[in-house]
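# Remarks on the overall topology
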Amino acid sequence: MTTKLLRPRILNQRLAAALADLRHGELIFIADAGSGTSAKALRSLAPDVEILDLEVVTGVPSIDDLVPVICDVGDIEACIVTKDMRGANPDGFAMLSKLFDEKHIYEVPYIPDYYDLRDRCKLFVQTGDYRVHANVILVGGYPSADIPMDMILNGLVPKTK
């Protein structure tokens, strides 16, 4: 019997459904194990953000395990990381650089910008990754023009007269 290589697919039902339902410009937060979500966290997560805990053991899954598969099976246009990630987690940043070209990796200040974006995410996925700044926000894509970063950061802001 011959075995053929299978294309990666998401086996977790909730994650697969979230990716299928992800629309252009919607955000998914892939978090390290240290990202607090409770009301007692340094900054609690907005109550309307769904949490999906995929932690198995220390380090599993890592963002390196999860993000490439999500990008392979989902429509992901860009990613957003903290300005600190490049220096604090060069391996994680290098992994993202293989998936996205430079103009599709956005770097924002950790506090408050990254936390503000985290609270706008459709889904918060907790991993077992224990590296510093092992967090990434994935931006839902679509085969059309890229969404300008200022719209992602600020939403659609009505014009004032």
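These numbers come from a predicted model, not from an experiment.

## Quick word on a nonpolar patch on the surface
Residues V56, V57 and V60 make up a contiguous nonpolar surface patch of about 260 Å² in total accessible area. By the secondary structure assignment, V57 is in the loop between β2 (50–53) and α2 (63–73).

## Let's talk about the state of the cysteines
Going through the model one piece at a time under the given rule, you end up with 0 disulfides. Cysteine C71 is unpaired, with the sulfur of C79 as its nearest cysteine sulfur at 7.6 Å. Overall, the relative accessible area of 0% leaves C79 in the buried class.

## Some words on the nonpolar core
Counting residues in hydrophobic clusters, the biggest one holds 27 residues, and the most contacted among them are L15, I30, I70, L96 and L138. Elements with a minimum of two residues in this core: α1 (13–21), β1 (27–31), α2, β3 (76–82), α4 (90–99), β5 (123–126) and β6 (136–140). Per-element accounting of this core gives the leading share, 4 residues, to α2. Dropping the residues within four chain positions of it, I70 is found in contact with I10, L15, L19, I30, I76 and L138. Counting 19 residues, the second-largest nonpolar core is a separate cluster that includes L27, A46, F124 and I152.

## So, the sheet that holds β2
Taken together, 6 strands build an open sheet; the order of strands is β2-β5-β1-β6-β3-β4 and the sheet is mixed. In this open sheet, the two strands that pair with only one neighbour each are β2 and β4 (105–108). Each strand axis lies, on average, 25° off the axis of its neighbour in the sheet, ignoring direction. Docked against the sheet, helix α5 (residues 110–118) engages β1, β3, β4, β5 and β6, running at close to 145° with respect to β3.

## So, unusual backbone geometry
Peptide bonds are trans in most cases, and residues, glycine excluded, mostly fall at negative phi. Geometrically, the link from V60 to P61 is a cis peptide bond, its omega value of -10° lying close to zero. Here the bond from I111 into P112 is cis, since omega is 5°, no more than 30 degrees from zero. Following the sequence through the fold, P112 ends up in helix α5. Unusually for a residue other than glycine, H133 sits at a positive phi of about 55°.

## Section: the packing of aromatic side chains
The tally for this structure, following the rule as stated, stands at 3 aromatic pairs. For the pair F29 and F124, a centre-to-centre distance of 5.2 Å together with 5° between the ring planes defines the contact as stacked. Residue F29 is found in strand β1, and its partner F124 is found in strand β5; the two are separated by 95 residues along the sequence. Among the aromatic residues, those joined into a cluster by ring pairs are F29, Y114 and F124.

Calculation notes
Residues numbered from 1 in each chain as written. Predicted model: local features only at pLDDT ≥ 70, side-chain atom pairs only at ≥ 80, totals over all residues. Heavy atoms only, no water. Patch = residues over 30% accessible without salt bridge, like charges linked within 9 Å, V, L, I, M, F, W, Y side chains within 5 Å. Areas by Shrake-Rupley, 256 points an atom, 1.4 Å probe, with all protein chains shown as cover. Salt bridge = Lys/Arg side-chain N within 4 Å of Asp/Glu carboxyl O. Helix = DSSP H or I, 4+ residues; strand = E, 2+ residues; numbered from the N terminus. Disulfide = S-S within 2.5 Å. Buried < 20%, exposed > 50% of the residue type's maximum accessible area, 1.4 Å probe, protein only. Core = buried A, V, L, I, M, F, W, Y, C linked by side-chain atoms within 4.5 Å. Contact = heavy atoms within 4.5 Å. Pairing = 2+ DSSP bridges. Axes fitted to C-alpha atoms, helices over the stretch in contact; angles between N-to-C directions. Phe/Tyr/Trp six-rings, centres within 6.5 Å; stacked < 30°, edge-to-face > 60°.

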